[in-house]
Amino acid sequence: MSPWGMLRIPRPLIMIRAFRIYFRFELPRTRITNILKRSGEQIWSVSIFLLFFLLLYGILGVQMFGTFTYHCVTDDTQPGNVTWNNLAIPDTHCSRELEEGYQCPPGFKCMDLEDLGLSRQELGYSGFNEIGTSIFTVYEAASQEGWVFLMYRAIDSFPRWRSYFYFITLIFFLAWLVKNVFIAVIIETFAEIRVQFQQMWGSRSSTTSTATTQMFHEDAAGGWQLVAVDVNKPQGRAPACLQKMMRSSVFHMFILSMVAVDVIVAASNYYKGENFKRQYDEFYLAEVAFTVLFDLEALLKIWCLGFTGYISSSLHKFELLLVIGTTLHIYPDLYHSQFTYFQVLRVVRLIKISPALEDFVYKIFGPGKKLGSLVVFTASLLIVMSAISLQMFCFVEELDRFTTFPRAFMSMFQILTQEGWVDVMDQTLNAVGHMWAPVVAIYFILYHLFATLILLSLFVAVILDNLELDEDLKKLKQLKQSEANADTKEKLPLRLRIFEKFPNRPQMVKISKLPSDFTVPKIRESFMKQFIDRQQQDTSCLLRRLPSASSSSCDHSKRSAIEENRYIDQKLRKSVFSIRARNLLEKETAINKILRACTRQRMLSGSFEGQPAKERSILSVQHHIRQERRSLRHGSNSQRISRGKSLETLTQDHSNTVRYRNAQREDSEIKMIQEKKEQAEMKRKVQEEELRENHPYFDKPLFIVGREHRFRNFCRVVVRARFNASKTDPVTGAVKNTKYHQLYDLLGLVTYLDWVMIIVTICSCISMMFESPFRRVMHAPTLQIAEYVFVIFMSIELNLKIMADGLFFTPTAVIRDFGGVMDIFIYLVSLIFLCWMPQNVPAKSGAQLLMVLRCLRPLRIFKLVPQMRKVVRELFSGFKEIFLVSILLLTLMLVFASFGVQLFAGKLAKCNDPHIISREDCHGIFRINVSVSKNLNLKLRPGEKKPGFWVPRVWANPRNFNFDNVGNAMLALFEVLSLKGWVEVRDVIIHRVGPIHGIYIHVFVFLGCMIGLTLFVGVVIANFNENKGTALLTVDQRRWEDLKSRLKIAQPLHLPPRPDNDGFRAKMYDITQHPFFKRTIAVLVLAQSVLLSVKWDAADPVTVPLATMSVVFTFIFVLEVTMKIIAMSPSGFWQSRRNRYDLLVTSLGVIWVILHFALLNAYTYMMGACVIVFRFFSICGKHVTLKMLLLTVVVSMYKSFFIIVGMFLLLLCYAFAGVVLFGTVKYGENINRHANFSSAGKAITVLFRIVTGEDWNKIMHDCMVQPPFCTPDNSTYWKTDCGNYAGALMYFCSFYVIIAYIMLNLLVAIIVENFSLFYSTEEDQLLSYNDLRHFQIIWNMVDDKREGVIPTFRVKFLLRLLRGRLEVDLDKDKLLFKHMCYEMERLHNGGDVTFHDVLSMLSYRSVDIRKSLQLEELLAREQLEYTIEEEVAKQTIRMWLKKCLKRIRAKQQQSCSIIHSLRESQQQELSRFLNPPSIETTQPSEDMNALNQDNSAQPETSSQQQLLSPTLSDRGGYRQDTGDAGKPQRKFGQWRLPSAPKPISHSVSSVNLRFGGRSTMKSVACKMNPMSDAASCGSEVKKWWTRQLTVESDESGEDLLDI
């Protein structure tokens, strides 16, 4: 390469203009720009996250390993003269230390090849020499390609534990967790793109027959409806009988059965030898017959339907294409040609047999525009990148991968599939030279990153989108699923329903100790028992209620008297309480009716129109939405609604009313489903009770032990005893938060008996880890102890559980599911093996099979731990979809296998000597060269030959695959489908058959890789979501679930408040909290991490200045921590976990500084590097994006803990079985001293390697070795070095499918779920991170003690302090404020509330619960809010009445004082000036005094009563009393004046009449007479409530805010 040659690179970009024709977007450019910008930001953030882990593991690799340059060479190796013959075969790394790593055998020595004169290019570019090479190597290992060979090199050069820890964690975090975040990004982004591009791609529809259409048809009632019309109606000229036959199901099934027979015949084809005449064999004649049959079928359909009607169906078009192709295929010259594709494609017609499979295929491939566009884009990308690579490397010497466009295309396609892409890159790097190697490495890494992480994720996103249901169908599916669950709960299991087949035989008892004159029949025992139990229960209740224990000795008559009196007293109280409850219920109903009507009036009268336009908070918006929805749901006055509104507004109101009516109908359906569930549970219980009563052997363990036998009760207590994890308060019933609640939850996870069995099973598995072919349990007494202990403990456990719960025919039987069957199976296998204990176990015998079945023992953990059972349930509940995907892939493999057999059978065999072409010349021996090393790039010197040896010439197929029959072809294609070994298959086919046939394997790999494997990923993710209940959730419901999960993790801020004064601490606080200070610290952390770019070796002089600079950085960080402690105070600093971590790392740094200057050895350098690495982790806390993504990974690990444990248990079972089956297999191509099954530990490492797909197929073929390539032994399996062909095939294929295709994809599903949880954008969130941050700040202001809880009364202050989207406007939303405060009081009984309690309440109030909540949660929440509204309304009315009474009393007292003073002055004037003799003052009568006394006593009585509604007096009586109070009365011609000591109430009445105060009169009347009129009371309350809701006054605001 040269700089001038780089100018040719942009030339292929001109093809992009041609490809733009296929990607015409109809969306506006701004929308496309926004989508790309948003997705680009997310991809960039995830790339930074990936770079963080690459840098982390790069630094760790440099410090833990360094260089891999020590190799075993011969003793006579001279510096500067290292050749291939000086190296060990194979090339082996070694260690300088004698106690660690690999030590060279005699005749070899461990030398540094770099010191011997080899250049960097000759040593290879992979390694951990410095930070750049280390990051490059880490990325190669994270791609799961070649990582295991790096680990083997590290094991030989360094301590074993270091290599295992580094590479296994690297694969787990980088390859399985971090890189799968890219899939989550693409899926989330594609969900938005799908909404925007829906018009271009077309909407998804259900599977409908292409042969039907719909037309409008008028029914009998005069309405119109859509009717399906079959277009396959007879349009041809065939007779009616033929048309009827063609349309019959019998004809259809006959044709499909013929297709199946044709597929079986084609799959039976095999290679019969080179001398066999292949052209006119029986398979050719059968093909001719089937072709004629299907041709006649097509002609018959054309005759019956007509040609136009025939080709109108897409299925018929496909059949016609097959007919034409297969007709040409049976022509002798075209028989074994590319036309064979048409023959093997007949198998696709068999999809019509299964409707489920047909629907699944349509769901995946029906909307072809999305998948087709993605395929075209992938092909275009490959063409462009191949052309660019061709221009870059076509003139590079000694590089033949890019000499032509086809070879460049194959190389770039190989990188896309990740198979051998490291070899392509290494060969290119070695060819271009040391100068251009970094540029070329970056080019290949960027292409690999885009192709494997983004492009393949797009295929997963498309498949997930095709599996996604439409939003309008999800709620319907939820209802249907709930209804189906209710139906399933009603039925008893079959093992219990079997008792219904037997006649009823209830247990009867005979009553004794009765006079013999009466003949009493037998009575059911259940009835008598129920009577006796009730009598005992009543007696015990009576004894508990008696004052002392001595009263229990009272006689029977006294007890009966007490019981009778108590019964009468309860009856009386019950009647009184019922009357009170009825009155209270009537009052509540009246008030609720008034409340709804007034709320309706307020919401529909447009009272908000005159208010100033201000952006409402989400709380206010959702509150008004709920009020409007309730008002429309309860109905309204149409005249009031229509007053003053336009036609459009009326139309909109009508549509809203209809929508809410539908919502109300949906509520009724939900309630019906809930009632159906309850009824189903009740019916199930009734059925069990009937069986228990009518069948004496029902619910009897082993039909022997009684239902209530003491021994069974004892067994129940032992079996069900467990630790009580929830510590509840006996008074309030609230759950106490203990300090060690996590430990308590772990202890209460299972019962004590299960804990014992878990420990015993783990100990037994540990014992099995020590077994090997050379240390067998049959001949090791120490290993037999664990076997006896396991069998004894499991026998006790099963006996206890069977005696307590029964074996099979009881409701809680041991064998009631697959877990119980597995327990019994494992126990029987262990018991038989323990009793038999065979001393000699021949290979492929029943004894060896028993030992393999014994290896299933770790699966007991799945049954004992509930969460593990949940993992199994999630794994097998989606088995239907996984089975359908497997059928599709098997169909694809069968098509290509049949094609491969007909084209390549017998053609892949060749002489192992590449110089021999014909089979006749393939005899004798020749010298074959040996591959010494894959990493070194040594060149042969003149006259030098590579190491080799002489072997005989053999004409044979390739070692690992052939296409001589369909079975071998499908095995080869299955290996290719896993993307392992397909490059070798491609090269062999191209070299031995022809370059044109390379298209065959490329097409299969593309279909298998891009569609087949991504189908597994998509189906597993979809099933995971469906099992968790998220598959049927709408977008709003998913956002709500994400919000609840985010709120559970959210915590109060651990940041102390700023000091009040402006002193030194306040300045320090401002400095430490300034963004510039935080960025500076982050830059210093990165700068200190750069110091680890090279390995800190005590012998290297560069290490001393690097360590000195690290000391300086340490003192800077000490200063940072000191400033924060001063600013926040020690207690405030300790509140944050991040501050604690910084303090810990800084303290370790100070300790390291002291030790470094004191000792100055290799251990202090290692400690200093560890401190810097620990400091590097703090970068995540200082960057928001890294923090969110790291939280995604951490939570994914937490949620996938049991999945990982389940994967390890499966790994352990396969490891134990591998030791039994392949423990003594001879070494081969990949079975060597590093990878073998000689012990369980090594077997686990091999299986972990297979999980990553690293040459798993080669290991399988090494384990298939058979004689004469091995030494058999029929006596014992541990004396032979042969493998097991059938066992290896089932073992490795099943393991790879279960682990790699299913279990690992569950991790992807969890990451996708958590990514949407933590890393959604602001517009996608119901509560954004800014809202949560603002709430945390306000919470810290209210919770000044930082306890995490506040009293309930402080919630008011917290809500008033909220701003932004959570603000509660007290002028507009006083009622909402009151509801929120009362909700906190109601739910927590006036006690303390936590951070999450208030946050949860705000989250419920900030969302539209009708859209976001699921069915059961929605009903519960609406019921709670409705109850809160009623209670708040009652409280408001009570408060208003109290205030009214206070005002009346105040006014009355004021008026009474004025009237009293006026009356006294008036009497004095009258007595002075008006004293004629004819006028006399008379005293009132006794009746009048009594009446006055009664009236004066009435206000006191009424003031003591607390009425729910205001009371009004009888107005008629009031007029009569007050009409004569102030007049002089005439008696017998004389005037009589009122007496002086009049009651105050009468004076008040006279003054009211004198001044004509109408309202005052009404108030006084209320004061005088407490007996109220119901109609006037209701009207007064209604008028007041209407005024409160429609008029916004300052006085009403005070009433609403005073709680």
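Here, the structure is the one placed above.
Residues numbered from 1 in each chain as written. Predicted model: local features only at pLDDT ≥ 70, side-chain atom pairs only at ≥ 80, totals over all residues. Heavy atoms only, no water.

S.K.: Explain the pattern of salt bridges to me, please; I cannot follow it from the model alone.
M.R.: Side chains carrying opposite charge are able to pair once their charged atoms draw close together. Under the counting rule described, the total for this entry stands at 34 salt bridges. Residues joined in a network through salt bridges with shared partners are Asp754, Glu797, Lys801, Asp823 and Arg860. (Salt bridge = Lys/Arg side-chain N within 4 Å of Asp/Glu carboxyl O.)

S.K.: Looking at this structure, I do not really get unusual backbone geometry. What am I missing?
M.R.: Backbone phi values are negative for most residues with the exception of glycine, while trans is the configuration of most peptide bonds. Residue Pro90 is reached from Ile89 by a cis peptide bond, and omega for that bond is -5 degrees. Looking at the secondary structure, you find Pro90 in the loop between β1 (70–74) and β2 (108–112). With an omega dihedral of 10 degrees, the bond running from Pro1267 to Pro1268 counts as a cis peptide bond. The residue Pro1268 is located in the loop between α48 (1256–1262) and α49 (1285–1318) in this model. The backbone of Leu702 shows a phi angle near 60 degrees, a positive value even though the residue is not glycine. (Helix = DSSP H or I, 4+ residues; strand = E, 2+ residues; numbered from the N terminus.)

S.K.: I keep staring at the environment of Phe1377 and nothing clicks. Help me out?
M.R.: As for its placement among the helices and strands, Phe1377 is situated in helix α52 (residues 1374–1388). Distance in space between the C-alpha atoms of Phe1377 and Leu1359 is 7.8 Å, their sequence separation being 18 residues.

S.K.: Which parts of the structure should I look at to understand the packing of aromatic side chains?
M.R.: Two numbers describe a pair of aromatic rings. These are the distance of the centres and the angle of the planes. Under the criterion given, the structure shown has 61 aromatic pairs. Their ring planes at 85 degrees and their centres at 5.7 Å tell us that Phe68 and Phe128 sit as a pair that is edge-to-face. Here the residue Phe68 occupies a position in the loop between α2 (29–64) and β1, and Phe128 occupies one in the loop between α3 (120–123) and α4 (131–142), the gap between them amounting to 60 residues. Comparing Phe68 with Phe128 shows no difference in burial state: the two are buried. In textbook terms, an aromatic cluster arises when at least three aromatic residues are bridged by ring pairs, as seen for Tyr57, Phe65, Phe68, Phe128, Phe158, Tyr166 and Phe167. In this arrangement the basic side chain of Lys700 is found over the ring face of Tyr697, its NZ or CZ atom lying 5.7 Å from the centre. (Phe/Tyr/Trp six-rings, centres within 6.5 Å; stacked < 30°, edge-to-face > 60°. Buried < 20%, exposed > 50% of the residue type's maximum accessible area, 1.4 Å probe, protein only. Lys NZ or Arg CZ within 6 Å of the ring centre and 35° of its normal.)

S.K.: Teacher, can you tell me more about the state of the cysteines here?
M.R.: Chemically, a disulfide is nothing more than a covalent bond linking the sulfur atoms of two cysteines. Per the counting criterion, the structure on display carries four disulfides. Here Cys72 connects covalently by a disulfide to Cys104, the sulfurs 2.0 Å from one another. Handedness here is read from the sign of the S-S torsion; for Cys72 and Cys104, about -95 degrees, the answer is left-handed. One end of the pair, Cys72, is in strand β1; the other, Cys104, is in the loop between β1 and β2, with 32 residues separating them in the sequence. Linked covalently through their sulfurs, Cys94 and Cys110 form a disulfide whose S-S length is 1.9 Å. As the torsion about the S-S bond is roughly 95 degrees, the Cys94-Cys110 disulfide counts as right-handed. Within this pair, whereas Cys94 is found in the loop between β1 and β2, its partner Cys110 is found in strand β2, the two being separated by 16 residues in sequence. (Disulfide = S-S within 2.5 Å.)

S.K.: Is there a simple way to explain the side chain of Arg716 in this structure?
M.R.: Structurally, the position occupied by Arg716 is in helix α26 (residues 710–720). Notably, Arg716 is buried but unbridged: the nearest opposite-charge side chain belongs to Asp699, and the N-O separation is 4.4 Å. Among all residues touching Arg716, those that are not within four sequence positions of it are Asp699, Arg707 and Ala804. (Lys, Arg positive; Asp, Glu negative; His and termini not counted. Contact = heavy atoms within 4.5 Å.)

Bear in mind that shape data such as this cannot, by itself, settle questions of function.
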